Amino acid sequence: MAGRLKLHVIASGSKGNASIVEDGATGRCVLVDCGVTKRALLAGCEASAIDPARIEAVLVTHDHSDHVKGLPVAYRGMAKLGCHPDLFVNDAVFAAVPKMTEAAELCCRHGMEHGDALSVAGMDVQVFPTSHDAVWSCGFRFECEGDALGFMTDSGVVTPEAHEALSDVRILALESNHDLDMLENGSYPYQLKVRVRSDRGHLSNVQAARELSELVSDRLEQVVSMHVSQNNNTYRLPVDTLEGVVVTMGADVHVQTGYQSQPIDVM
Ligand SMILES: [Zn+2]
Ligand SMILES: [Zn+2]
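Let me begin by describing the structure that accompanies this report. (Residues numbered from 1 in each chain as written. Chains lettered and ligands numbered in written order. Predicted model: local features only at pLDDT ≥ 70, side-chain atom pairs only at ≥ 80, totals over all residues. Heavy atoms only, no water.)

### Looking at the overall build of the chain
We count it as follows: Secondary structure counts use DSSP, requiring at least four H or I residues in a row for a helix and at least two E residues in a row for a strand, with both numbered from the N terminus. All radius of gyration figures rest on C-alpha atoms, and the globule criterion is 2.2 Å times the number of residues raised to 0.38. The cut-offs for exposure are 20% and 50% of the maximum accessible area for each residue type, with area from a 1.4 Å probe on protein chains only; residues under the lower value are buried, those over the upper are exposed, and the others partly exposed. Contact criterion: two residues are considered in contact whenever any of their non-hydrogen atoms come within 4.5 Å of each other. The accessible surface values rely on the Shrake-Rupley method and a 1.4 Å probe; as for residues, cover is taken only from the protein chains in view. In this tally, Asp and Glu contribute negative charge and Lys and Arg positive charge; neither His nor the terminal groups of the chain are included. Here the site of a charge means atom NZ of a Lys, CZ of an Arg, CG of an Asp or CD of a Glu.
Across its full length, the chain carries 10 helices and 14 strands. Here the C-alpha radius of gyration of the chain, 17 Å, is about what a compact globule of 267 residues would show, namely 18 Å. Counting across all 267 residues of the chain, residues that qualify as buried make up 55%. Taking the contacts inside the chain whose residues are at least 6 apart along the sequence as the reference set, 64% of them involve residues at least 24 apart. As displayed, the chain has an accessible area near 10900 Å², and 50% of this comes from carbon and sulfur atoms. If you average the places of the 21 positive and of the 36 negative side-chain charges in the chain, the two averages end up 8 Å apart.

Okay, structure coming up:
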């Protein structure tokens, strides 16, 4: 059963990230991260039937370039369309990405801290800490008229705050970055392998499955595997792994994956 919130994953993975959370009743939208080109962003909007002018805010999870590199150009492009979405970004993240000042000059910038409860585009947004090797990082819980959506990528472990915030949602977007064997036997340099699997790296398929087993609820309908590695994973593995959890628990939950360069809509 479709709910009030919709998730549009425009791009997800280490080459670039951008997702849109939409209030399906009002059409008001929030963009989470912008690590893609303006062209990819606008193509994603078109594929999801979203007029970019409906994007009222941009929320930034952390300072890594795959999440922020498209921001200045996207803001210039959106400004040409007459829209200037509010930018929500932690001060340390803002300071760490000098190019973000270009975007901030075209809009109203707001600080953001863990534990904040924001009101954005008619949605209530809770900001929770993730565990990642960034200057600062977070995930989000969106609520709107009784519907709830949890969004977490780029976290080596699930923090207690994240676990709480991701509980009892209808749509869950959860990082399922790598398969441990593929990472171990893959081509990444040793240091990068250590980084990816560390507590401040990325969530593996197994970790995502373990977390999902604790998040299955009567309310949960949709799960999306996010930030899936193109080197150390396949698009099939996280879906199979997470579906395994759902089947074992006898739950009625649809599992799908976000892609690096093919937008998906989750309702
Ligand atoms: Zn990332
Ligand atoms: Zn990152």
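### Considering the pairing of strand E12 (residues 222–226)
Consecutive side chains of a regular strand alternate in pointing toward one face of the sheet and then the other. Keep this limit in mind: Two strands are said to pair when DSSP picks up at least two bridges between them. A crossover counts as right-handed when, viewed with the strands pointing away from the observer, the path leading from the first strand over the helix to the second turns clockwise.
Counting buried positions along E12 yields five of five residues, so the element is predominantly enclosed. Neither face of E12 is left uncovered, since the one carrying Gln222, Val224 and Met226 and the one carrying Val223 and Ser225 both have all their residues buried. Note: strand E11 (residues 171–175) against E12, five bridges, orientation parallel. Within E12, the residue paired with Ile171 across the bridge is Gln222. Across four bridges, the pairing between E12 and strand E13 (residues 254–257) is parallel. Across the sheet, residue Val223 finds its bridge partner in E13, namely Val255. In this fold, E12 hands off to helix H10 (residues 236–248), which returns the chain to E13; that crossover is right-handed.

### Overview of the coordination of the zinc ion (ligand 2)
Operational definition: Each metal's donors comprise the N, O and S atoms found within 2.8 Å of it (within 3.2 Å for Na, K or Ca). Water is not part of the atom list, so some coordination spheres may appear incomplete. Key to geometry: four donors with every angle between 85 and 135 degrees are tetrahedral; four donors are square planar and six octahedral where opposite donors lie over 155 degrees apart and all remaining angles lie between 65 and 115; all other sites are irregular.
Coordination of the zinc ion (ligand 2) by the protein is provided by His62 (NE2), His64 (ND1), His132 (NE2) and Asp154 (OD), with metal-donor distances spanning 2.1 to 2.5 Å. One can describe the donor arrangement at the zinc ion (ligand 2) as irregular, given that its four donor atoms subtend angles of 91 to 174° at the metal. Mapped onto the sequence, the residues coordinating the zinc ion (ligand 2) show the spacing H-x1-H-x67-H-x21-D. A separation of 3.4 Å is found between the zinc ion (ligand 2) and the zinc ion (ligand 1), which are bridged by Asp154. With His64 in the loop between strand E4 (55–59) and helix H2 (65–68) and Asp154 in the loop between strand E10 (147–152) and helix H6 (160–166), the pair connects residues that are 90 residues apart, well separated along the chain. When its relative accessible area of 2% is taken as the criterion, Asp154 is described as buried.

### With respect to the pattern of salt bridges
Here the idea is simple: oppositely charged side chains can pair when their charged atoms come close. The condition is simple: The term salt bridge refers to a pairing of a side-chain nitrogen on Lys or Arg with a carboxyl oxygen on Asp or Glu at a separation within 4 Å.
In the structure shown here, the tally under the stated rule is 12 salt bridges. Where Asp91 meets Arg109, a salt bridge forms, and the shortest distance between an N and an O atom there is 3.7 Å. With Asp91 in helix H4 (residues 91–96) and Arg109 in strand E6 (residues 109–110), this residue pair connects regions lying 18 residues apart in the sequence. Taking the relative accessible area as the measure of exposure, Asp91 reaches 45% and is therefore partly exposed. Here Asp168 and Arg219 are joined by a salt bridge, their closest N and O atoms 3.4 Å apart. Taken together, the positions of Asp168 in the loop between H6 and E11 and Arg219 in the loop between helix H9 (205–215) and E12 put the pair 51 residues apart, joining distant regions of the chain. On the basis of relative accessible area, Asp168 is assigned to the partly exposed category, the value being 43%. Taking relative accessible area as the criterion, Arg219 reaches 26% and is therefore assigned partly exposed.

### Topic: the coordination of the zinc ion (ligand 1)
In the first shell of the zinc ion (ligand 1), the protein supplies Asp66 (OD), His67 (NE2), Asp154 (OD) and His227 (NE2), at 2.1 to 2.2 Å from the metal. Seen from the zinc ion (ligand 1), its four donor atoms lie at angles of 92 to 166°, and the figure they make is irregular. Expressed as a motif, the donor residue spacing for the zinc ion (ligand 1) is D-H-x86-D-x72-H. The exposure class of His67 is buried, given its relative accessible area of 0%.

So yeah, pure geometry; function would need other evidence.
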